[in-house]
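Take a look at the letters that make up each chain.
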Amino acid sequence: MNNRINYIETNSPEETFAVGKKLGQTAKPGEIYTLNGDLGVGKTVFTQGVAAGIGIKEHVNSPTFTIVQVYENGRLPFYHFDVYRIGDIEEMDEIGFEDYFYGDGLCIIEWAERIKELVPAEAKQITIEKNLEKGFDYRKICIQE
Ligand code: ADP
Ligand code: MG
């Protein structure tokens, strides 16, 4: 991993899904991907693509009442965090986040900036942005290499 940033532009949810899927197909045990970007930008769509790339058959949605949702039936364990509603960083301790962050699965963390003090430096940073001048469905997906 280095600090080079690649970016990909998409113009539909399907394209964003496909970018995530490609990444999921090459994901390795123990990796962490952080996902940042405004509400409705496509973090969950991207995550659904990653899950498909790992071979997860269940429908993946943002966990609403839990911080993390675990999927075990893919090529790797998949730990989907959405920390949007986290009130106190201690909630991460309560769910035993270290078992996931330092385990053998792939972690994806939506809204990772909210817990940045806990995210290992090696995590792959992914940011999604809109640009309304380029159309309502335009997204720029920046991925750290
Ligand atoms: P987030 O998890 O970032 O809050 P979601 O993935 O839940 O966002 O929702 C993204 C919304 O944006 C969906 O309704 C999706 O259909 C729409 N959308 C439109 N264009 C795109 C695009 N290029 N990539 C991803 N989502 C898009
Ligand atoms: Mg989401």
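Refer to the structure presented above.
Structural notes, computed from the coordinates.

Cut-off values and rules
- Residues numbered from 1 in each chain as written.
- Chains lettered and ligands numbered in written order.
- Predicted model: local features only at pLDDT ≥ 70, side-chain atom pairs only at ≥ 80, totals over all residues.
- Heavy atoms only, no water.
- Helix = DSSP H or I, 4+ residues; strand = E, 2+ residues; numbered from the N terminus.
- Rg over C-alpha atoms; globule rule 2.2 N^0.38 Å.
- Contact = heavy atoms within 4.5 Å.
- Areas by Shrake-Rupley, 256 points an atom, 1.4 Å probe, with all protein chains shown as cover.
- Lys, Arg positive; Asp, Glu negative; His and termini not counted.
- Charge placed at Lys NZ, Arg CZ, Asp CG, Glu CD.
- Donors = N, O, S within 2.8 Å, 3.2 Å for Na, K, Ca; no water.
- Buried < 20%, exposed > 50% of the residue type's maximum accessible area, 1.4 Å probe, protein only.
- Near = heavy atom within 4 Å.
- Polar contact = N/O pair within 3.5 Å; in protein donor to acceptor, adjacent residues only side chain to side chain.
- Pairing = 2+ DSSP bridges.
- Axes fitted to C-alpha atoms, helices over the stretch in contact; angles between N-to-C directions.

Describing the overall build of the protein
No. 1: From N to C terminus, the protein includes four helices and seven strands.
No. 2: Helices (α) and strands (β) of the protein occur, in sequence order from the N terminus, as β-α-β-α-β-β-α-α-β-β-β.
No. 3: By the compact-globule yardstick of 15 Å for 145 residues, the protein fits well, its C-alpha radius of gyration being 14 Å.
No. 4: Once the C-alpha set of the protein is aligned to its principal axes, its extents read approximately 45 × 30 × 30 Å.
No. 5: Looking at the protein alone, contacts between residues at least 24 apart form 64% of all its contacts between residues at least 6 apart.
No. 6: Element-wise, carbon and sulfur atoms account for 48% of the exposed surface of the protein, whose accessible area totals about 7,900 Å².
No. 7: The positive charge centre, built from 15 side chains, and the negative charge centre, built from 24, are 9 Å apart in the protein.

Digging into the coordination of the magnesium ion (ligand 2)
No. 1: Looking at the magnesium ion (ligand 2), the protein donor atoms are Thr 44 (OG1) and Glu 110 (OE), and they sit 2.1 to 2.3 Å from it. In this pair, Thr 44 is assigned in helix α2 (residues 43–54) and Glu 110 in strand β5 (residues 106–110), connecting sequence segments 66 residues apart. Considered together, Thr 44 and Glu 110 belong to a single accessibility category, that of buried residues.

Some details on the site of ligand 1
No. 1: Surrounding ligand 1, one finds 16 residues, the nearest of these being Thr 16, Gly 40, Lys 43, Thr 44 and Asp 137.
No. 2: In the model, an oxygen atom of ligand 1 is placed 3.0 Å from a nitrogen or oxygen of the Gly 42 main chain.
No. 3: Residue Val 45 places a main-chain N or O atom 3.0 Å away from an oxygen atom belonging to ligand 1.
No. 4: For ligand 1, the protein covers 74% of the area, taking 570 Å² as the surface of the free molecule.
No. 5: Of all elements in the fold, only α1 (13–26) and α2 reach the threshold of two or more residues within the shell around ligand 1.
No. 6: The biggest single contributor to the shell around ligand 1 is α2, with three residues.

Describing the pairing of strand β2 (residues 32–36)
No. 1: Counting buried positions over the five residues of β2 gives five, a clear majority of the element.
No. 2: Of the two faces of β2, the one holding Ile 32, Thr 34 and Asn 36 and the one holding Tyr 33 and Leu 35 are both buried throughout.
No. 3: Where β2 lies against strand β6 (residues 124–130), four bridges are found, and the strand directions are parallel. From the neighbouring strand, Tyr 33 faces β6, where its bridge partner is Lys 124.

Digging into the sheet that holds strand β1 (residues 5–10)
No. 1: Strand order in the open sheet formed by seven strands is β1-β7-β6-β2-β5-β4-β3, with mixed pairing between adjacent strands. Two strands lie at the open edges of the sheet, namely β1 and β3 (68–71), each paired on one side alone. The average angle at which neighbouring strand axes cross in this sheet is 15°, direction not considered.
No. 2: Across five bridges, strand β4 (residues 78–82) lies against β5 in parallel orientation. Each residue of the ladder has a partner; that of Tyr 79, found in β5, is Cys 107.

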